[in-house]
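Chain residues, written in single-letter form:
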Amino acid sequence: DDTSNTNSNTGGSSKPLFNLKTQSQYCRLDAPFKVKDQSCSSTFNFNHLPAAVILGRFYYDQGGNSKWMATLVQNAAFPLLLIPLFLISSSQYPLTSSTAPSIKVLASIYFFLGVFVAGDNSLYSVGLLHLSASTYSLICANQLVVTAIFSYFINSQKLTALILNSVVVLSLSAVLIAVNDDSDWPTGITRSKYIVGFICTLTASALYALLLSLKRLSFQKVIKQETFSVVLEMQIYISLVATCTSIIGLFTSGEWRTLHGEMQGFGKGGFAYVMTLIWTAVAWLALFLWLSLQLLQ
């Protein structure tokens, strides 16, 4: 066919392994409302992997109490992304001198987004501390509402009937959670703490929606290249800044002093404590990898 002939004629040229610009075939990164196929429509459902939420709640239930440690693990596994970056970087188009932004501009973007992510993750950690995993996940799902608004104004994303329907359904679910006194209430959590958790999670979801639009805007206006390696590089640098910021918060707050006792008093033992943190970090990392793999479908 024409496609095979084209491929055979251009066999000697070097092209990116994953071209994110073919919107008819792929979901665009961090654009959950460009629904071109069935795989894209499920992207939002995995914005908060169930494994990460369950492990995060398990950490608190078994005696963990460090909000900054819970924040730190959300980005700490980013070095694992160096493996796919190393494997595919040689197959990507390099940024040309005419389109490549300066190092200073890129550093500023990554620093700002990294600090932004650390602050957002800290709100998520507070929210999960005071909410059950199911309530937390349902509130996070309402991120779709704010993402639709930000995408419309920042990224000029059209609002389709499918998007508006999802916004209405998820908004109603949040209202039902807020007014239902018989909802899944964590043991030992007072009403005031529950409200704090609700507000923090709702705010964090809104900020994460803004983050998605800002990342998309960075690709559109500054980086001007959308290959898999560039996406990985952005995630690595942002996660590096977020991890450093979380470490600073951990030491500034003084919570680092309680970590040894926290591990010793962990309900399932010290080994389970370490493994919980490790696999929580891996689960959050899997979130990004899963979103990236949608580009291949």
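Residues numbered from 1 in each chain as written. Predicted model: local features only at pLDDT ≥ 70, side-chain atom pairs only at ≥ 80, totals over all residues. Heavy atoms only, no water.

Participant: Just give me the short version of the UniProt feature "transmembrane region" (unreviewed entry) in the chain, but keep the residues and values in it.
Facilitator: Mapped onto the present numbering, the UniProt feature "transmembrane region" (unreviewed entry) falls on residues 68-88, 135-154, 161-179, 194-214, 234-251 and 271-293. The span residues 135-154 shows a helical share of 95% and a strand share of 0%, and its end C-alpha atoms are spaced 29 Å apart. (UniProt positions renumbered as here; feature names shortened; annotations may be inferred. Helix = DSSP H or I, 4+ residues; strand = E, 2+ residues; numbered from the N terminus.)

Participant: I'd like a rundown of the nonpolar core, residues and numbers included.
Facilitator: Note that soluble globular proteins tend to have their nonpolar side chains buried in a common cluster. Tyr59, Met69, Tyr110, Tyr136, Ile223 and Tyr273 are the most contacted members of the largest nonpolar core, which has 56 residues in total. Those elements giving two or more residues to this core turn out to be helix H3 (50-61), helix H4 (67-72), helix H5 (82-88), helix H6 (103-130), helix H7 (133-141), helix H10 (191-223), helix H11 (228-252) and helix H13 (270-293). Those residues in contact with Tyr136 that lie beyond four places of it in its chain are Val53, Tyr124, Gly127, Leu128, Leu131, Thr201 and Trp284. (Core = buried A, V, L, I, M, F, W, Y, C linked by side-chain atoms within 4.5 Å. Buried < 20%, exposed > 50% of the residue type's maximum accessible area, 1.4 Å probe, protein only. Contact = heavy atoms within 4.5 Å.)

Participant: Any details on the packing of aromatic side chains? Residues and values, ideally.
Facilitator: On inspection of all chains with the given rule, the structure shows eight aromatic pairs. Between Tyr124 and Tyr136, the ring centres sit 6.1 Å apart and the planes meet at 70°, which makes this aromatic pair edge-to-face. Remark: Tyr136 occurs in helix H7 and Tyr124 occurs in helix H6; sequence separation between them is 12 residues. Residue Tyr124 shares its accessibility class with Tyr136, and that shared class is buried. One aromatic cluster in this structure is built from Phe58, Tyr59, Tyr60, Phe266 and Tyr273. (Phe/Tyr/Trp six-rings, centres within 6.5 Å; stacked < 30°, edge-to-face > 60°.)

Participant: Give me a nonpolar patch on the surface: which residues, what numbers.
Facilitator: On the surface, Leu80, Ile83, Phe86 and Leu87 cluster together into a nonpolar patch covering about 470 Å² of accessible area. Structurally, Leu80 can be placed in the loop between H4 and H5. (Patch = residues over 30% accessible without salt bridge, like charges linked within 9 Å, V, L, I, M, F, W, Y side chains within 5 Å. Areas by Shrake-Rupley, 256 points an atom, 1.4 Å probe, with all protein chains shown as cover. Salt bridge = Lys/Arg side-chain N within 4 Å of Asp/Glu carboxyl O.)

Participant: If you had to explain H11 to someone new, which residues and values would you point to?
Facilitator: Taking 1.5 Å of rise per residue, 25 residues should cover 36 Å, and H11 covers 36 Å from first to last C-alpha, within 8% of that figure. Count one or two residues on from H11 and you reach Gly254, which has phi positive near 85°. (Expected span 1.5 Å × (residues − 1).)

Participant: Any chance you could break down the packing of H6 against H10 for me, citing the residues and the numbers?
Facilitator: Interhelical geometry of H6 versus H10 gives an angle of 160° and a closest axis separation of 7 Å. Of the possible angle classes, the one that applies to H6 and H10 is roughly antiparallel. As H6 packs across H10, the resulting crossing turns out to be left-handed. (Axes fitted to C-alpha atoms, helices over the stretch in contact; angles between N-to-C directions. Parallel < 35°, antiparallel > 145°, perpendicular 65-115°, else oblique. Left-handed = near helix turned anticlockwise from the far one by under 90°.)

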